[in-house]
Amino acid sequence: DEIPMGNGRNTVSLLKWPLMSLRNLLLSFPILLCSILLWNEYLVYYVKIGLTCRWPKGTEVDALRVFMVSDTHLLGRYRGHWVDKMKREWQMHRSFHTARQLLQPEVAFFLGDLFDEGQWSNNFLLAEYADRFEELFFSKSTRTVVLPGNHDLGFHYAMHPETVRWFRRRYGRGLVDVVNIGRRPFVLITSMALHGDGCKLCSEAEARIGAVKRSRECRERSNGTTAAAACRAALAAVEWPEESLPAVLLQHFPLYRRDESECVDVSESDPERLKEYRDQWEAISAGATEKLIDAIKPIAVFNGHSHRPCTKRWTHSSSSSSSSWFRSFTEWTVNSFSWRNGASPSLLMVTMSREKGSEPLVAVCHLPNELVCIVLYVIVGLIYLGYVFIFVRRKLYERRYNAVKMR
């Protein structure tokens, strides 16, 4: 009954191994395929996010709950394969809506580079990409606020006024905007307009930042009243909430940094840690940074662009003892949300207290690791192919055994 295998020393009772029939073997393939697809493309998001993502400890019951998302880079018509495009869009769509369903944020901010090819597109293509973006990420239960990045409008030298106007018409977003949620002002900045070279768009942005500063100072001085004519004009130009909480600054580029050596969450062994950041390419300039801090006095800053997470603590001197609550703040650079920019994307979960001077609490929500999903596909595939190999070899041995037996 035994058929020798290998060198004959070790024998296996191959004919006694229980194997499924050919029919069941063929039927098991679609069942196995559907099972692994269901896990890797749907259930894994609920398991990963549901088990590992939690709002920061110490979050108040009535705190504002916010998602910070950056660099989705939706592929357009020209870059990337359609399979890659379909795969990435499904991953981001499923991740975002699973997180939204489980964690229920009030607001989701998208910090630029919504599209990958916006800077090369006409209004027709921009509208096509925007429709797709909204289909993937917008929801009635969560307010969505977007701001542009360099892949949406182009870097400073490539920004076209018509593209800027299109973005303003589509999303109501200018070069500098203030979005008030309750008593909390969020100041949204278009980073590519901060070169300070006197161009039309840069001049418009600088004027708007000055208007934001005047509006903020009027509210602080008047304690909620608008008696002075100059303050009435300033508040008419930029709405700043009465008895406002400290502002949060949002933009696409990080504030000035030479490298990531000051990022507390970047390992010293990381080879990218000391890679130089170029002014106005990887981060805004030192001068633009100082102007923004002086004008807005942020309690926190959130941005993206680098496709890498970074947490940096800033200290900002203030001559006013009454304003000590904004002397220091934390800058969070948000990791990319797209698997095209890294195997382990993430978003930030931010809670903001209603108490004045209380800094936001931040936690990272890591999404499923693509490499783990790929390895799982490979393991399941190898197991199935291995079983097929054993099945075919068993059949060959059966034929040989029967032929020998009939002699």
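Remember, predicted model here, so these are calculated numbers, not experimental data.

A. Broad picture of the packing of helix 3 (residues 123-137) against helix 5 (residues 161-171). Packing of helix 3 against helix 5 leaves a shortest axis separation of 11 Å and a crossing angle of 35 degrees. Between helix 3 and helix 5 the crossing geometry is right-handed. In this structure, helix 3 uses Asn-123, Leu-126, Ala-127, Ala-130, Asp-131, Phe-133 and Glu-134 to contact helix 5, whose residues at the interface are Glu-162, Thr-163, Trp-166, Arg-169, Arg-170 and Tyr-171. Split by residue class, the contact of helix 3 with helix 5 holds six nonpolar, two polar and five charged.

B. Seen up close, a nonpolar patch on the surface. On the surface, Leu-38, Trp-39, Tyr-42, Leu-43, Val-47, Leu-51 and Trp-90 cluster together to form a nonpolar patch covering roughly 620 Å² of accessible area. Residue position: Val-47 is located in helix 1 (residues 22-52).

C. Structural detail: the sheet that holds strand 5 (residues 143-147). With respect to topology, five strands assemble into an open sheet ordered 5-4-3-12-13, the strand pairing being mixed. Pairing within the sheet leaves two strands with one partner each, and these edge strands are strand 5 and strand 13 (361-366). Strand after strand, the sheet turns through a mean of 25 degrees between neighbouring axes, direction not considered. In terms of strand pairing, strand 4 (residues 107-111) meets strand 5 through five bridges, oriented parallel. Looking at the pairing, Phe-109 lines up with Val-145 of strand 5.

D. View of the state of the cysteines. The final tally for this structure, using the stated rule, is three disulfides. Here Cys-53 connects covalently by a disulfide to Cys-365, the sulfurs 2.1 Å from one another. Judged by the torsion about the S-S bond (80 degrees), the Cys-53/Cys-365 disulfide is right-handed. Of the two residues, Cys-53 is situated in the loop between helix 1 and strand 3 (64-69) and Cys-365 in strand 13; the sequence distance between them amounts to 312 residues. Look at Cys-53 and you get buried, because its relative accessible area is 2%. Owing to a relative accessible area of 0%, Cys-365 belongs among the buried residues under this scheme. Covalent S-S linkage joins Cys-218 and Cys-231, the inter-sulfur distance amounting to 2.2 Å. The S-S bond linking Cys-218 to Cys-231 shows a torsion near -90 degrees; that makes this disulfide left-handed.

E. Seen up close, the UniProt feature "transmembrane region" (unreviewed entry) in the chain. Look at the UniProt record and you will see "transmembrane region" (unreviewed entry) annotated at residues 25-47 and 374-392. Taken end to end, residues 374-392 is 100% helix and 0% strand, and its first and last C-alpha atoms sit 27 Å apart.

F. Looking closely at helix 2 (residues 82-103). An ideal rise of 1.5 Å per residue puts 32 Å on 22 residues; helix 2 measures up with 31 Å between its terminal C-alpha atoms. At the C-terminal side of helix 2, Gln-104 shows a positive phi close to 55 degrees.

G. Structural context of the sheet that holds strand 8 (residues 248-251). Pairing is mixed across the open sheet formed by six strands, whose spatial order is 6-7-8-9-11-10. Edge positions in the open sheet fall to strand 6 (176-181) and strand 10 (310-315), since each of these has one partner strand only. Strand-to-strand twist across the sheet, computed as the mean angle between neighbouring axes with direction ignored, equals 20 degrees. As paired elements, strand 8 and strand 9 (residues 300-303) share three bridges and run parallel to each other. Along strand 9, the bridge assignment pairs Leu-250 with Phe-302.

H. A look at the confidence of the model for the chain. Taken over all residues, the pLDDT of the chain has a mean of 86, while the share at 70 or more is 87%. pLDDT under 50 marks residues 5-12. Its contacts with residues more than four places away, or in other chains, come to eight contacts. In this model, residues 319-326 is a region of pLDDT below 50 whose contacts with residues beyond four sequence positions or in other chains number eleven contacts.

I. Quick look at the packing of aromatic side chains. As enumerated under the stated definition, the model contains 22 aromatic pairs in all. With a centroid separation of 6.3 Å and an interplanar angle of 85 degrees, the aromatic rings of Phe-115 and Phe-133 are classed as edge-to-face. Separated by 18 residues along the polypeptide, Phe-115 in the loop between strand 4 and helix 3 and Phe-133 in helix 3 bring together distant segments of the chain. Grouping residues by exposure puts Phe-115 and Phe-133 together as buried. Here the aromatic cluster, defined as three or more aromatic residues joined through ring pairs, consists of Trp-55, Phe-67, Phe-96, Phe-110, Phe-115, Tyr-129, Phe-133, Phe-137, Phe-138 and Phe-337.

J. Quick peek at the pairing of strand 12 (residues 346-352). Summarising burial for strand 12: seven of the seven residues are buried, a large majority. Burial of strand 12 is two-sided: the residues Ser-346, Leu-348, Val-350 and Met-352 facing one way and the residues Leu-347, Met-349 and Thr-351 facing the other way are all buried. One ladder, built from five bridges, connects strand 3 with strand 12; its direction is antiparallel. Each residue of the ladder has a partner; that of Val-66, found in strand 12, is Val-350. By the bridge criterion, six bridges tie strand 12 to strand 13 in an arrangement that is antiparallel. When the sheet's bridge partners are listed, Ser-346 is paired in strand 13 with His-366.

K. Main features of the pattern of salt bridges. Per the stated rule, a full pass over the model turns up 26 salt bridges. Two residues, Glu-162 and Arg-169, come together in a salt bridge whose shortest N-O distance is 3.2 Å. With a closest N to O distance of 3.1 Å, Arg-168 and Glu-204 form a salt bridge. One end of the pair, Arg-168, is in helix 5; the other, Glu-204, is in helix 6 (residues 200-222), with 36 residues separating them in the sequence. The network of salt bridges with shared partners includes Asp-84, Arg-88, Arg-340 and Glu-370.

What counts, and at which threshold
All residue numbers here refer to positions counted from 1 along the written sequence of the relevant chain. Given that the model is predicted, a residue must reach a pLDDT of at least 70 before its local features are reported, and side-chain atom pairs must reach 80 or more before they are shown or counted; all residues, however, enter totals for whole chains, interfaces and linings. Calculation of side-chain values draws on the structure's entire complement of heavy atoms; hydrogens and water are dropped beforehand. Only C-alpha atoms enter the line fits that serve as axes; for helices the fit covers just the stretch in contact. Angles between N-to-C directions range over 0 to 180 degrees. For the purposes of this entry, the term helix denotes a DSSP run of H or I that reaches at least four residues, the term strand denotes a run of E that reaches at least two, and both are numbered from the N terminus. Take the far helix as the reference: if the near one is turned anticlockwise from it by less than a right angle, the crossing is left-handed, and if turned clockwise, right-handed. Note on definitions: a residue-residue contact is assigned when non-hydrogen atoms from the two residues lie within 4.5 Å. Any residue that is not Ala, Val, Leu, Ile, Met, Phe, Trp, Tyr, Cys, Pro, Asp, Glu, Lys or Arg is counted as polar, Gly included; the first ten are nonpolar and the last four charged. Each patch groups residues whose relative accessible area exceeds 30% and which form no salt bridge, using 9 Å between like charges and 5 Å between nonpolar side chains of Val, Leu, Ile, Met, Phe, Trp and Tyr. Methods summary: accessible areas were calculated by the Shrake-Rupley approach with a probe of 1.4 Å, and residue burial reflects only the protein chains presented. Salt bridges are counted wherever a side-chain nitrogen of Lys or Arg sits within 4 Å of a carboxyl oxygen of Asp or Glu. A pair of strands is considered paired only if DSSP assigns at least 2 bridges between the two. Disulfide assignment relies on a single distance test, namely cysteine sulfur atoms paired within 2.5 Å. Buried, partly exposed and exposed residues are distinguished by accessible area as a fraction of the type maximum, computed with a 1.4 Å probe on protein chains only: under 20%, between the cut-offs, and over 50%, respectively. UniProt positions are given in the numbering used here, feature names are shortened, and annotations may be inferred rather than shown by experiment. Helix span is expected to be 1.5 Å times the residue number reduced by one. As a per-residue quantity, pLDDT reports the predictor's confidence and falls between 0 and 100. Ring pairs shown here join Phe, Tyr and Trp side chains whose ring centres sit within 6.5 Å, with only the six-membered ring taken for Trp; geometry is labelled stacked below 30 degrees between planes, edge-to-face above 60, and tilted in between.

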